[in-house]
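The lines below spell out each chain.
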Amino acid sequence: MAVTLIITGGEGPNYIPVSLDYDFVIASDSGYDKAKELNIVPDLVLGDMDSTNYLEEIKDSGALFYPRDKDYSDTELAIKHIESDEYILIGGGGGRIDHLLAIMALFYRYPAPKFWITADDIIIRCDKTVKLNLPIGSDISIMPISSPAKVDSDGLKWELGGYTISNSSISLSNRSEKEEVVIHTSKPVFIRLPIQLLSIFEKML
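All values reported here derive from a predicted model rather than from experimental measurement.

This part takes up the overall build of the protein chain. Looking only at helices and strands, the protein chain has five helices and 14 strands in total. In terms of overall dimensions, the protein chain is globule-like: its C-alpha atoms have a radius of gyration of 17 Å, near the 17 Å expected for 205 residues. Counting only C-alpha atoms, the protein chain reaches 55 × 30 × 30 Å along its principal axes. Of all 205 residues assigned to the protein chain, the portion counted as buried reaches 50%. Put simply, 62% of the contacts in the protein chain that link residues at least 6 apart link residues at least 24 apart. Looking at the protein chain as shown, the accessible area adds up to about 10300 Å², and 49% of this sits on carbon and sulfur atoms. Treating the 19 positive side-chain charges of the protein chain as one cloud and the 31 negative ones as another, the clouds have centres 6 Å apart.

Judged by pairing direction, the sheet is antiparallel, and its four strands sit side by side in the order β8-β13-β10-β11 without closing on themselves. Edge positions in the open sheet fall to β8 (129–133) and β11 (163–165), since each of these has one partner strand only. Taking the axes of each pair of neighbouring strands and ignoring which way they run, one obtains an average angle of 30 degrees across the sheet. Sheet topology note: the strand β10 (residues 149–154)/β11 ladder contains three bridges and is antiparallel. The residue bridging A149 from the neighbouring strand is I165, located in β11.

Calculation notes
- Residues numbered from 1 in each chain as written.
- Predicted model: local features only at pLDDT ≥ 70, side-chain atom pairs only at ≥ 80, totals over all residues.
- Heavy atoms only, no water.
- Helix = DSSP H or I, 4+ residues; strand = E, 2+ residues; numbered from the N terminus.
- Rg over C-alpha atoms; globule rule 2.2 N^0.38 Å.
- Buried < 20%, exposed > 50% of the residue type's maximum accessible area, 1.4 Å probe, protein only.
- Contact = heavy atoms within 4.5 Å.
- Areas by Shrake-Rupley, 256 points an atom, 1.4 Å probe, with all protein chains shown as cover.
- Lys, Arg positive; Asp, Glu negative; His and termini not counted.
- Charge placed at Lys NZ, Arg CZ, Asp CG, Glu CD.
- Pairing = 2+ DSSP bridges.
- Axes fitted to C-alpha atoms, helices over the stretch in contact; angles between N-to-C directions.

This is how it looks when you write it as structure tokens:
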């Protein structure tokens, strides 16, 4: 299955793991700027281009331009252009809270990303079971995507034991107490790790 890498505006990581597997790259608006920082050449550039510092360069790239006053965010436009449900999202961190919430709201209407990496966070989609090999004491949060989920765990300080993860009850700042942490969920959830674990996350890919 083809995997698309979407690089969007907002704060993103200083690098992405070389083992991250993708087939096609979409940069939305100032995601083009981040792509340049990461030395990634997008296959497609799109958006209203109101945030990029490379407008003239983008004009010569065959980009898809959209009006600033539109019904879709630049990130949503990128998701609408993916060829399969599997994608990786880079960026979208920091900045305005409404922009962050707007991204989270997309996952009620579209599939959630396989991985989402911002300047501060590594977010892993867990559809059923995920095993994580982490240093003991690593910070872990578990968040809902679009539906409440019953989550079990092995290896956390506060084991979940069928705890319901929902918009009103997330597992915030839990910690690993074993070198292998296993998360099992009835519905897809996001697992958040701090960006400082990016090199360790790379080894798990």
